[in-house]
Amino acid sequence: MSAPILKIGLAGFGNVGAGVFKNIEKNRHLLQERTGHNLVITRIAVRDASKARTVELPPELVTTNLDELVQDEEIDLIVELIGGIDRAFELVKDSLESGKAVVTGNKALLAERGQELFAIAEKCGRPIYYEAAVAGGIPIIKTVQESLIGNHIQSVVGIINGTCNYILTRMTEAGLGYPEALGEAQQLGYAESDPTLDVNGWDAAHKAVILASLSYGCWVPCDQIHVEGIENVQRTDIGFADKLGYTIKLLAVIQLHDESGDIEVRVQPSLIANDHILASVKGVYNAILVQGDVVGQTLFYGSGAGQDPTSSSVIADIADASARIESRDGSGFVTHGLYGNPLPIEQSVSKYYLRVEAEDRPGVLARIATVLGENDIGILSVIQPEDHDKEYAPIVLMLHYAPFGVVREAINQIAGMDCIREEPVLLRVENVG
Ligand code: HSE
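Conventions we followed
- Residues numbered from 1 in each chain as written.
- Predicted model: local features only at pLDDT ≥ 70, side-chain atom pairs only at ≥ 80, totals over all residues.
- Heavy atoms only, no water.
- Axes fitted to C-alpha atoms, helices over the stretch in contact; angles between N-to-C directions.
- Helix = DSSP H or I, 4+ residues; strand = E, 2+ residues; numbered from the N terminus.
- Parallel < 35°, antiparallel > 145°, perpendicular 65-115°, else oblique.
- Left-handed = near helix turned anticlockwise from the far one by under 90°.
- Contact = heavy atoms within 4.5 Å.
- Nonpolar A, V, L, I, M, F, W, Y, C, P; charged D, E, K, R; others polar.
- Near = heavy atom within 4 Å.
- Polar contact = N/O pair within 3.5 Å; in protein donor to acceptor, adjacent residues only side chain to side chain.
- Buried < 20%, exposed > 50% of the residue type's maximum accessible area, 1.4 Å probe, protein only.
- Phe/Tyr/Trp six-rings, centres within 6.5 Å; stacked < 30°, edge-to-face > 60°.
- Lys NZ or Arg CZ within 6 Å of the ring centre and 35° of its normal.
- Core = buried A, V, L, I, M, F, W, Y, C linked by side-chain atoms within 4.5 Å.
- 1 Å grid on protein atoms, 1.4 Å probe; cavity = no way out; pocket = protein on both sides within 12 Å on 5 of 7 lines; lining within 4 Å.
- Points joined across faces, edges and corners; volume = space filled by probe spheres on them.
- Salt bridge = Lys/Arg side-chain N within 4 Å of Asp/Glu carboxyl O.

A. Expanded view of the packing of helix α4 (residues 86–97) against helix α5 (residues 107–124). Interaxial distance between α4 and α5 falls to 9 Å at its minimum, and their mutual angle equals 10 degrees. Taken as axis vectors, α4 and α5 run roughly parallel relative to one another. Considering how the two elements wind past one another, α4 and α5 form a crossing that is right-handed. On the side of α4, the interface is formed by Asp-86, Ala-88, Phe-89, Val-92, Lys-93, Leu-96 and Glu-97, while α5 contributes Leu-109, Arg-113, Glu-116, Leu-117, Ile-120, Ala-121 and Cys-124. Across the contact of α4 with α5, the residue classes break down as 9 nonpolar, no polar and 5 charged.

B. Examining the site of the ligand more closely. Taken together, Lys-107, Asn-161, Gly-162, Thr-163, Asp-198, Asp-203, Lys-207 and Ala-305 make up the full set of residues near the ligand. For the ligand, a nitrogen atom lies 2.8 Å from a polar atom in the side chain of Asp-198. Among the elements of the structure, α7 (162–173) and α10 (202–216) are those that each provide at least two residues to the shell around the ligand. For the shell around the ligand, a count of residues per class yields 1 nonpolar, 3 polar and 4 charged.

C. Geometry of unusual backbone geometry. You will see that Ala-135, though not glycine, has its phi angle at about 65 degrees, which is positive. Tracing the backbone through its elements, the reader meets Ala-135 in the loop between β6 (128–129) and α6 (140–147). With relative accessibility at 0%, the residue Ala-135 sits in the buried group. Positioned with a positive phi, Asp-376 is a non-glycine residue whose angle comes to about 65 degrees. If you trace the backbone, Asp-376 turns up in the loop between α13 (364–374) and β14 (379–383).

D. The packing of aromatic side chains, seen in detail. Counted under the stated rule, the structure contains 9 aromatic pairs. Relative to Phe-21, the ring of Phe-13 lies with its centre 5.7 Å away and its plane at 65 degrees, an arrangement referred to as edge-to-face. Judged by relative accessible area, which is 4%, Phe-13 ranks as buried. Between Phe-118 and Phe-333, the aromatic rings sit 5.4 Å apart at their centres with planes inclined by 35 degrees, giving tilted as the arrangement. Of this pair, Phe-118 sits in helix α5 while Phe-333 is found in the loop between α12 (307–323) and β13 (349–359), placing the two residues 215 residues apart along the sequence. One aromatic cluster is present, built from ring pairs that chain together Phe-118, Tyr-130, Trp-219 and Phe-333. One residue, Arg-113, lies across the ring of Phe-89, its end atom 3.6 Å from the ring centre.

E. The nonpolar core, seen in detail. Membership of the largest hydrophobic core comes to 78 residues, with the highest contact counts inside it found for Ile-128, Tyr-130, Ile-140, Ile-167, Ile-230, Leu-271 and Tyr-353. The element that contributes the greatest number of residues to this core is α10, accounting for 9 residues. In this view, Ile-230 contacts Cys-164, Ile-167, Leu-168, Tyr-178, Val-199 and Leu-250; residues no more than four positions away in its chain are not counted. Among the nonpolar cores identified, the runner-up in size contains 29 residues, and Leu-6, Ala-18, Ala-132 and Val-314 belong to it.

F. Highlighting empty space enclosed by the protein. All told, the structure shown has 1 cavity of 30 Å³ or more when counted by the stated rule. Computed from the structure, the largest cavity encloses a volume of approximately 40 Å³. Elements with a contribution of two residues or more to the lining of the largest cavity: β10 (263–273) and β16 (420–429). Sort the elements by how many residues they give to the lining of the largest cavity and β16 lands first, with 3 residues. Its residues assigned to classes, the lining of the largest cavity shows 5 nonpolar, 1 polar and 2 charged.

G. Region of the structure containing the pattern of salt bridges. Counted under the stated rule, the structure contains 19 salt bridges. With a shortest N-O distance of 2.8 Å, Glu-25 and Arg-28 are connected by a salt bridge. A salt bridge links Arg-170 to Glu-184, with the nearest nitrogen and oxygen atoms 2.6 Å apart. Of this pair, Arg-170 sits in helix α7 while Glu-184 sits in helix α8 (residues 178–187), placing them 14 residues apart in sequence. A single salt-bridge network, built from bridges that share partners, covers Lys-142, Asp-317 and Asp-320.

Next comes the structure, spelled out in structure tokens:
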């Protein structure tokens, strides 16, 4: 008996869309054996049908009208890979309302408008699958949704932007400046031609919002998390961090505060100890540490971007959808209200790295230390290299655990002192896992 057909409408034939088409063809037989369905892409919507592509677009399947996918009553499942927010939102909403399941890899869409979309999905009884929206080929969504279902998630800490990790790795290992490392990442096709969302931290932040919301069963608003990118990371600080035994990484930190139930979500360039496992994650790779109260610590590592890894996640979602296509329940996101609100960033506590460029004269270090002391911020260590220019010297201070708001206020006071040149550099020191 031939396998039942799952008819798929594919919206977008860019890097990932083309990969999905190519890899479903490549592993068609295996997928049919495993899912019991023949997974068939019956329509493909693109913006420009005449564009040259590395994977050939079958002309008989192509349309430039997204509505054709939604209106096609034979299509069971829409795969949204067009990116952006507004058109993608309409497509997903219309698809759900037409009774179709949806697979999307669109992190910005879910982070910004996921709450609305999952409510629509719930109402329509159609699910949204989104494994490819976070960390490309790493199966972190299903892991949190399914494999770790028996755990309170205590923390999720990850390197979830490959472009930033590549840039920081090259600055660290090859001594490149930020512009050169970024140029290299663009040349190799890791960074987008407009890499703004990668380097300003928001690509990682969108993924962090999805992971936090999924882990804690409440939608974390994008405007209530703290996000800093890597644009201002300097070679000097990478060098000092190394002398102190640390590596600088762009880390997404998601943490449950047990007593209040508050959820801390932030993305920042941070120092982690050189012997920490996340420090060994190099180049474009991603890695995510998840700590659960039952399982303990788990680590997920792999390619966070790219045609084949990301299409592997999309295909896994298509396979899931095929298994549950008859079911009318589940939106893909379960709210349970067991946890509280996003923690205001001012209250989040860590150790810190602080570098100031200060006049090299007696009493300056004492003045800086006084401001820190008056704000109840302890100093763990201080270094000042001897080989500095005659008038100004870098002073690097490692600061004890303190609330971010208090530290920021103290740094503002220090920045205003007449003996300080340049904006002080403040980075988190993470003690994860
Ligand atoms: N541009 C992202 C990265 C992949 O560099 O990791 C897609 O989110």
